[in-house]
Amino acid sequence: MIRGHFVPVRFDVKKRPEAFERFGARWTPTVLLLDSSGAERHRIEGFLPAPDFAAQLLLGLGHAAFSAGKFAEAQRRFGEVLEKYPETEAAAEAQYWKGVSRYKETGDGSALGETAQAFQTRYTDTSWAKKASVWAAPRA
Amino acid sequence: MAIEWKTDAEEALAQARASGKPLLLDFTAAPA
């Protein structure tokens, strides 16, 4: 995934401490995903097993697309996290941002309500479920 | 196929701008 989707750069912190400081890295391993203008869009601090790491990279692609106003692409990336890595911690965040991306693309508020509803059956015990709860339809 | 890691941030930023691809910066204390 790295070769196909990113321009990859590696800094050895022992040899390049200035790069560590320039980008605000605080610990190793740290992976930063920047958009093509150089703005940081996602940060991964600490080791992750391969599926979790891959899910975080997809999440970063989603955030980069979202920040560029490419909401259809963002939806697709967040959807990929849910399809390929549903058991990772990234999945709840992806479910949240997929709904937001759909809303931003279509202007249809039901996208947010449906996202809140989805959190009632999946990833219920996460901070993302709490964040989405504000979109839930009031109970009769 | 192995990843061809760049080590020059400015060169990488220029490539990212030209290609429209995001950058992945890997900070490590133990490079492969």
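Before any of the text, the structure's been laid out above.
Each value, and the rule that gives it
Residues numbered from 1 in each chain as written. Chains lettered and ligands numbered in written order. Predicted model: local features only at pLDDT ≥ 70, side-chain atom pairs only at ≥ 80, totals over all residues. Helix = DSSP H or I, 4+ residues; strand = E, 2+ residues; numbered from the N terminus. Buried ≥ 20, exposed ≤ 12 C-beta atoms within 10 Å, placed from the backbone. Pairing = 2+ DSSP bridges. Axes fitted to C-alpha atoms, helices over the stretch in contact; angles between N-to-C directions. Contact = placed C-beta atoms within 7 Å. Nonpolar A, V, L, I, M, F, W, Y, C, P; charged D, E, K, R; others polar. Parallel < 35°, antiparallel > 145°, perpendicular 65-115°, else oblique. Left-handed = near helix turned anticlockwise from the far one by under 90°.

1. Side note on unusual backbone geometry
All names here are of chain A.
- Note the cis peptide between Thr28 and Pro29, where omega equals -10 degrees.
- At Tyr123, a residue that is not glycine, the phi angle is positive and equals roughly 60 degrees.
- For Tyr123, the location among the structural elements is in the loop between helix H6 (110–118) and helix H7 (127–132).
- Classification of Tyr123 as buried rests on a count of 21 C-beta atoms within 10 Å.

2. Quick word on the sheet that holds strand E1 (residues 23–28) of chain B
- Overall, mixed pairing links the four strands, which are arranged E1(A)-E1(B)-E2(A)-E3(A) in an open sheet. Each end of this open sheet is capped by a strand with a single partner; those strands are strand E1 (7–12) and strand E3 (40–45) of chain A. Within this sheet the neighbouring strands show an average axis-to-axis angle of 15 degrees, counted without direction.
- Where helix H3 (residues 50–67) of chain A meets the sheet, its contacts fall on strand E2 (30–34) and E3 of chain A, and the angle it forms with E3(A) comes to roughly 160 degrees.
- This element, helix H1 (residues 9–19) of chain B, spans E1 of chain A together with E1 of chain B of the sheet and lies at about 165 degrees to E1(A).

3. Regarding the interface of chain B and chain A
- Chain B puts 23 residues into the contact, and the matching count from chain A is 28 residues.
- Looking at the side of chain B that touches chain A, the elements with two or more residues in it are H1 and E1 of chain B.
- Looking at the side of chain B that touches chain A element by element, the count peaks at seven residues for H1(B).
- Broken down by class, the residue content of the side of chain B that touches chain A amounts to 14 nonpolar, five polar and four charged.
- For E2(A) and E1(B), the ladder comprises five bridges, and the chain directions are antiparallel. Counted as the bridge partner of A:Leu32 is B:Leu25 from E1(B).

4. Brief notes about the packing of helix H4 (residues 71–84) of chain A against helix H5 (residues 90–106) of chain A
Residues and elements named next belong to chain A.
- Viewed as axis vectors pointing N to C, H4 and H5 meet at an angle of 155 degrees, and their least axial separation amounts to 8 Å. When the axes of H4 and H5 are compared, the pair comes out roughly antiparallel. The handedness of the crossing between H4 and H5 is left-handed. Of the residues in H5, those touching H4 at Phe71, Ala72, Ala74, Gln75, Phe78, Gly79, Val81 and Leu82 are Ala90, Ala91, Ala94, Gln95, Trp97, Lys98, Ser101, Arg102, Lys104 and Glu105.

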